[in-house]
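For reference, the chains in residue letters:
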Amino acid sequence: MREVQAQADHVTPHVRGFVRALKACGHEVMVVSSSQTGDLGPGIGLQRISPAPFASEVPLDSGPRVVRALNHIWNNVHAGEVLESLYCSFKPDLVYERLSPFAVAGSALSQRHHIPHYLEVNALLAREGNTYRKQSLGEAAELLESCVFQFATRLITVSEALRVELLNAGIPGNR
């Protein structure tokens, strides 16, 4: 099976271990990331996404949180272009993605090409951003996160409590 591991913000040791495990099981894996990363291991592809040059276009008086939020949203356009190009050459059977703030490019690719989208959810990021980080554009973050939850083929949670929160938010238990 060919899998794309979409990782918008960084390739953590967890992600490196996960993709190595997929490779050890015989899967072809391509990691898509916007970060510098260490060695992923032999035979694991890496497609870097350069950050979109959007921040320079936002008026400085908008504040750093607004600039960061708009950058996340704008990066979906560039990430979508990279994923589409990769889809044409790599032809993945599955997109596995870790939830990132404002990120919808992996979900959009999966919807467009009718391939499964597995979403790893480590936290409800929009709620955390609004509650603990004074995140700008909180309503947009919640809307985009809700859309990604609704369109994902499967949601993988890191705890039972998080699974229950998603069930209470209306995500069907079979997903």
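None of the values given here were measured: they were computed from a predicted structure.

Chemist: Before we move on, can you summarise helix 5 (residues 138–151) with the specific residues and values?
Modeler: The end-to-end C-alpha distance of helix 5 is 20 Å, a good match for the 20 Å that 14 residues give at a rise of 1.5 Å each. When helix 5 is considered as a whole, its buried residues turn out to be G138, A141, E145, V148 and F149. Buried residues along helix 5 cover an arc of 100° about the axis, so they all sit on one side. Along helix 5, exposed side chains directed more than 90 degrees from the buried face belong to E139 and L143.

Chemist: Quick one: what's the story with the confidence of the model for the chain, residue by residue and with numbers?
Modeler: In the predicted model, the chain carries a mean pLDDT of 81, and the fraction of residues at 70 or more is 83%. Helix 3 (residues 105–113) holds the highest mean pLDDT among the elements of the chain, 94, whereas strand 1 (residues 2–7) holds the lowest, 55.

Chemist: Run through the pattern of salt bridges, naming residues and quoting values.
Modeler: As enumerated under the stated definition, the model contains 3 salt bridges in all. Of the charged contacts in the structure, one is a salt bridge between E120 and R98, with a shortest N-O distance of 3.3 Å. Separated by 22 residues along the polypeptide, E120 in strand 5 (residues 117–121) and R98 in strand 4 (residues 94–98) bring together distant segments of the chain. For the pair E120 and R98, one class covers both residues: buried. As a salt-bridge pair, R163 and E160 come within 2.8 Å of each other at their nearest N and O atoms. Placement of both R163 and E160 in helix 6 (residues 160–168) is noted, with a separation of 3 residues, approximately one turn of the helix.

Chemist: Describe the environment of M30, naming the residues involved and giving the relevant values.
Modeler: Positionally, M30 belongs in strand 2 (residues 28–33). Overall, the relative accessible area of 15% leaves M30 in the buried class. Spatially, the C-alpha atom of M30 lies 5.6 Å from that of L46, the residues being 16 residues apart in sequence.

About the thresholds
- Each chain has its residues counted from 1, following the order in which its sequence is written.
- Residue-level local features of this predicted model are given only where pLDDT is at least 70; pairs of side-chain atoms are given and counted only at 80 or more, and the full residue set underlies all totals for whole chains, interfaces and linings.
- Calculation of side-chain values draws on the structure's entire complement of heavy atoms; hydrogens and water are dropped beforehand.
- Helix numbers and strand numbers start at the N terminus; a helix is a DSSP run of H or I with at least 4 residues, a strand a run of E with at least 2.
- One less than the residue count of a helix, multiplied by 1.5 Å, gives the span that helix is expected to have.
- A 1.4 Å probe rolled over the protein chains alone gives each residue an accessible area, and that area as a share of the maximum for its type sets the label: buried under 20%, exposed over 50%, partly exposed in between.
- In this description, one arc is meant: the one made by directions from the helix axis to the C-beta atoms.
- How sure the predictor is of each residue is captured by pLDDT, a score from 0 to 100.
- Within this document, salt bridges are pairs made up of a side-chain nitrogen of Lys or Arg and a carboxyl oxygen of Asp or Glu, the two lying within 4 Å of each other.

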